[in-house]
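What follows is each chain in one-letter form.
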Amino acid sequence: ARITLRQLLDHAAEHDYGVPAFNINNMEQALAIMAAADQTDSPVIIQASRGARAYAHDVMLKHMMDAVSEIYPHIPVCVHLDHGNNPQTCMTAIQSGFTSVMMDGSLLADGKTPADWDYNVDVTKTVTDMAHLGGISVEGELGVLGSLETGMGDKEDGHGAEGKLSHDQLLTNPDEAVKFVAETKVDALAIAMGTSHGAYKFTRQPDGEILAMHVIEEIHRRLPDTHLVMHGSSSVPQDLQDIINRYGGEMPQTWGVPVEEIQRGIKNGVRKVNIDTDNRMAMTGQIRKVLSENPGEFDPRKYLKPAREAMQKLCAERLEAFNTAGQA
Ligand code: G3H
Ligand code: 13P
Ligand code: NA
Ligand code: ZN
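Residues numbered from 1 in each chain as written. Chains lettered and ligands numbered in written order. Predicted model: local features only at pLDDT ≥ 70, side-chain atom pairs only at ≥ 80, totals over all residues.

In the nomenclature of an unreviewed UniProt entry, the protein corresponds to Fructose-1,6-bisphosphate aldolase from the organism Roseibium salinum. Note on the protein: under the UniProt heading Catalytic activity (unreviewed entry), the record states "beta-D-fructose 1,6-bisphosphate = D-glyceraldehyde 3-phosphate + dihydroxyacetone phosphate". (UniProt positions renumbered as here; feature names shortened; annotations may be inferred.)

In structure tokens form, the structure reads like this:
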């Protein structure tokens, strides 16, 4: 059944669990997520970015969401717009059947220029005012994602802020978070504490210097009833880096967000955990393996089925680790 983000995260808060939000662009990813949710008896958030909407078409996404609800009627599914860049994008997502939207006003509509306070409050409030009239949930973002190691935004990965950022921009200010939630009435708040999108988050195993989990703890103390969202939460597992590189890939060594740190976040108000990169890597590892071991193969099902299974396995592991399992 279709469920809103607010309904799902209220339940998660009441029962002390987190919900992974997995990105989709195609049927294989949608089916992998649902198979994992079914296998672990979990509710789930499926999210699509503007890039996914352009890739797959809104009509295709709409019907895929209907299809998964029909195939798995017992699994609660929230369909969420990831990183909406302006109110129009959010409204057209709602028209396509999304039950939740992110208005990311931490950046201007160009998706790369850090926004000021008034802009962020204004666009976010415009969306909550409209969406809430129709019972649709809204996620806002305060603070800019990027690396505390280098001070750089994550634009290299095609997403997020361009250029050098200050620590003030890279870490959400708890006082401002309180004010932002009061002014915008968002259902969930994404915060910045050192994660970035993509595979290249950290050049070493992260510690408190470069992954500032204490910021989450402080914000949760000040806003105990607000559902917090962690973006850039792929763990970039070593085994997935290894399989990609063993079969012809060239990914430089990198570190992501350890699952234990996400679990610590979930103890401190984090309810939505965004994961895309790990699933991309899980699929790519299998596709590389099948094609390199079977160079004569040309039936897409021969590599997409193992790719789907690897993504299902990863999704199921996160659903278990975040205690989403058993909550459907
Ligand atoms: O926010 C980043 C997500 O991984 C979506 O990425 O914009 O390339 O679809 P995308
Ligand atoms: P990753 O790139 O770490 O998977 O983050 C995904 C994300 O935050 C989507 O909004
Ligand atoms: Na989002
Ligand atoms: Zn994100």
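This part covers the site of ligand 1. As a structural note, the neighbourhood of ligand 1 is formed by 10 residues, with Ser49, Gly51, His159, His197 and Asp276 the closest of them. Elements supplying a minimum of two residues to the shell around ligand 1: α3 (50–56) and β3 (77–84). (Near = placed C-beta within 6 Å. Helix = DSSP H or I, 4+ residues; strand = E, 2+ residues; numbered from the N terminus.)

Burial in helix α8 (residues 174–184) covers these residues: Ala177, Phe180, Val181 and Thr184. End-on view of α8: buried residues confined to an arc of 95 degrees, all on one side of the axis. Away from its buried face by more than 90 degrees, α8 exposes Asp175 and Ala182. Those residues of α8 that are buried are in contact with α6 (117–133), β5 (137–142), β6 (188–191) and α9 (213–222). Two residues or fewer past α8, Lys185 is found with a positive phi of approximately 60 degrees. (Buried ≥ 20, exposed ≤ 12 C-beta atoms within 10 Å, placed from the backbone. Arc of directions from axis to C-beta. Contact = placed C-beta atoms within 7 Å.)

What follows covers unusual backbone geometry. At Lys185, a residue that is not glycine, the phi angle is positive and equals roughly 60 degrees. Looking at the secondary structure, you find Lys185 in the loop between α8 and β6. You can call Lys185 partly exposed: it has 14 C-beta atoms within 10 Å.

Another aspect to go through is the packing of helix α2 (residues 27–40) against helix α4 (residues 58–71). Where α2 meets α4, the closest approach of the two axes is 11 Å, and the angle between their N-to-C directions is 30 degrees. The orientation of α2 with respect to α4, classified from their angle, is roughly parallel. When the axes of α2 and α4 are compared, the crossing they make is right-handed. Judged by residue contacts, Met27, Ala30 and Met34 of α2 engage Met64, Val68 and Ile71 from α4. (Axes fitted to C-alpha atoms, helices over the stretch in contact; angles between N-to-C directions. Parallel < 35°, antiparallel > 145°, perpendicular 65-115°, else oblique. Left-handed = near helix turned anticlockwise from the far one by under 90°.)

This part is about the site of ligand 2. Close to ligand 2 lie 13 residues; His231, Ser234, Asn274, Asp276 and Thr277 are nearest. Counting only elements with at least two residues in the shell around ligand 2, the list comes to β3 and β8 (270–275). In terms of residue class, the shell around ligand 2 is built from one nonpolar, 10 polar and two charged. (Nonpolar A, V, L, I, M, F, W, Y, C, P; charged D, E, K, R; others polar.)

Before going further, it helps to examine the packing of α6 against α8. It is the contact of α6 with α8, at a shortest axis distance of 9 Å, that shows an interaxial angle of 40 degrees. What the angle tells us is that α6 and α8 run oblique. Residues Val121, Thr124, Lys125 and Thr128 of α6 form the contact with α8, whose own contacting residues are Phe180, Glu183 and Thr184. For the contact of α6 with α8, the residue count by class is two nonpolar, three polar and two charged.

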